[in-house]
Amino acid sequence: MSEKGELLPVLEQIERDKGIKKDEILKMIEQALVSAYKKHSGKMVNLEAKINPETAEVQAFLIKKIVPEVLNDNIEIDLESAQKMFPQAKMDEDIRIPVITEDFSRIAAQTAKQVIIQKIRETERQSLLEEFQTKEGILLGGTVHRFVEHNIIVDLGKAEGILPAREQVRRERFSIGERVKVLVLKVEKGTRGPKILVSRSHPLLVQRLFEQEVPEVYEKMVEVIEVVREPGFRSKVAVKSNNPKVDPVGACVGVKGSRVRPIIDELRGERIDLISWSNDPGKYIAASLSPAKVVSVNIVDEASKHAEIVVSDDMLSLAIGKSGQNARLAARLTGWHIDIKSETQRKEAAQERAAASTEALSKLGGVGPKTADILNKGGWGNLERLSQAKPDDLTVLRGVGEKTAIKIIEAAKEALKEGAKEKPAEEAAAQPVETSAETVQEIPIEPVEEK
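None of these values were measured; they are calculated from a predicted model. (Residues numbered from 1 in each chain as written. Predicted model: local features only at pLDDT ≥ 70, side-chain atom pairs only at ≥ 80, totals over all residues. Heavy atoms only, no water.)

Asker: I tried to follow the nonpolar core on my own but got confused; where do I start?
Answerer: For soluble globular proteins, nonpolar side chains are generally found buried alongside one another. Of all hydrophobic cores here, the largest spans 30 residues; its most connected members are Leu11, Ile25, Ile29, Leu47, Ile95 and Ile116. Put simply, the parts of the chain that give this core at least two residues each are helix 1 (4–18), helix 2 (22–41), strand 1 (47–51), strand 2 (58–66), strand 4 (94–98) and helix 4 (102–133). With near-sequence residues (within four places) excluded, Leu11 lies in contact with Lys22, Ile25, Leu26 and Ile116. If you look at the next biggest cluster of nonpolar residues, it comprises 23 residues, including Leu139, Val239, Ile263 and Leu274. (Core = buried A, V, L, I, M, F, W, Y, C linked by side-chain atoms within 4.5 Å. Buried < 20%, exposed > 50% of the residue type's maximum accessible area, 1.4 Å probe, protein only. Helix = DSSP H or I, 4+ residues; strand = E, 2+ residues; numbered from the N terminus. Contact = heavy atoms within 4.5 Å.)

This is the structure:
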């Protein structure tokens with residue numbers, strides 16, 4: 001190691017290729033030499049090693065303190081012995097005794113090699129870690145490398161990604177060497193390089209595929225607002241155009257499905273519903289139930305985000321979807337609680353509410369079935385509202401005079417006092433009708449899971 005040609009050209013080449021500074025490696029070699037020599041000699045000595053940065057010559061010194069009485073000859077020396085080597089030596093000083101042995105030269109050569117290899121590996125691992133940390137949330141292509149229990153190891157080129165069972169799509173099956181696209185979820189420092197967690201089930205994977213296949217999405221001309229998935233079965237993607245001349249859904253579908261088809265193929269046949277986003281809740285909810293056509297949207301309670309959807313009888317099963325999947329995804333996409341009813345069910349429910357209201361009014365003193373029907377049709381089926389009415393409000397109804405109006409209002413007040421109030425028709429309308437699971441599906445709001 002004493003010749004310049006043995007070590008320095010190697011360090012200079014490493015500095016150029018790997019970006020590791022020569023001085024940094026030399027310091028590491030010096031520190032490693034001290035540890036290696038102590039281990040080799042089996043003595044706890046005070047050793048100092050120096051490498052000349054110009055010649056790569058290694059110099060090592062044992063440092064000993066001059067003391068009157070030597071208790072530990074590894075780190076101490078008496079004055080007489082010290083002055084034989086250094087005539088100017090004085091008591092309590094430290095002297096540096098050169099170490100010149102063949103063994104040390106051999107140790108130095110082995111240590112330098114190990115340190116260089118170790119430093120290169122550490123630098124490459126750190127470089128890989130930093131590189132992949134910038135790729136979190138990015139779509140990468142790779143090949144299936146091997147299977148470890150239920151996990152799939154994906155070769156990403158410079159590193160390997162782990163596709164755990166929880167991030168896989170249950171319906172997907174892969175073979176070794178098969179090409180696959182994955183989303184980088186998280187990158188952490190591992191013992192043998194970066195630990196890269198990837199996913200095939202995350203909703204962001206679908207968004208990244210659209211960015212890759214649709215230029216308008218990549219350029220932000222069309223914006224993906226939200227993606228909800230039941231991986232392997234169906235995704236709903238809400239898109240919005242930032243250019244009035246561009247149809248967001250048409251841009252994503254492409255001519256004869258040329259843009260969305262590669263995405264469906266990559267997702268192994270997963271169905272994709274493209275929804276045009278709207279700030280009008282009614283329009284957005286109606287669109288979210290695609291491919292079903294919605295007849296009407298009734299906003300029951302805007303504060304609690306509760307809506308009632310009416311579809312034609314033949315569209316009910318399509319709107320709900322298999323096991324409620326379509327309606328469930330629509331609720332997650334919009335954030336609204338959705339009750340879906342067919343036109344027939346809505347008419348039946350309205351008739352039931354009207355009958356219940358008529359029956360409740362008929363129980364009031366002086367109100368017969370005919371008068372109850374008139375009140376109900378006139379919008380006075382609510383006992384609480386009826387108790388607050390004025391006679392003039394009711395006399396406009398056919399067959400209701402002033403005395404009858406006063407009598408009806410007083411009877412309504414009395415009924416409320418006695419606790420005989422029935423549920424108002426308006427409240428009944430907001431309650432889900434008890435029907436079979438095959439006909440009506442109540443969809444709870446389910447927030448999109450962030451992985």
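Resuming the write-up.
Asker: I would appreciate a short explanation of helix 2 in the present structure.
Answerer: An α-helix turns once every 3.6 residues. As a result, residues three or four positions apart point the same way. The end-to-end C-alpha distance of helix 2 is 28 Å, a good match for the 28 Å that 20 residues give at a rise of 1.5 Å each. When we look at burial in helix 2, the residues that qualify are Lys22, Ile25, Leu26, Ile29, Glu30, Leu33, Val34 and Tyr37. One or two steps after helix 2, the chain reaches Gly42, where phi turns positive at roughly 70°. (Expected span 1.5 Å × (residues − 1).)

Asker: How should I be thinking about the sheet that holds strand 5 (residues 139–148) in this particular structure?
Answerer: What links the strands of a sheet is backbone hydrogen bonding, and the strands pair in either a parallel or an antiparallel sense. A barrel is described by the order of its strands in space; here five strands give the closed sequence 5-6-7-9-8, paired in mixed fashion. For this sheet the average axis-to-axis angle between neighbouring strands, irrespective of direction, equals 50°. Of the strand pairs in this sheet, strand 5 and strand 8 (residues 179–190) are connected by five bridges, and their pairing is antiparallel. Looking across to strand 8, one finds that Leu139 is bridged to Leu183. Packing of helix 5 (residues 203–213) onto the sheet brings it into contact with strand 5, strand 8 and strand 9 (193–199), and relative to strand 8 it is tilted by some 120°. (Pairing = 2+ DSSP bridges. Axes fitted to C-alpha atoms, helices over the stretch in contact; angles between N-to-C directions.)

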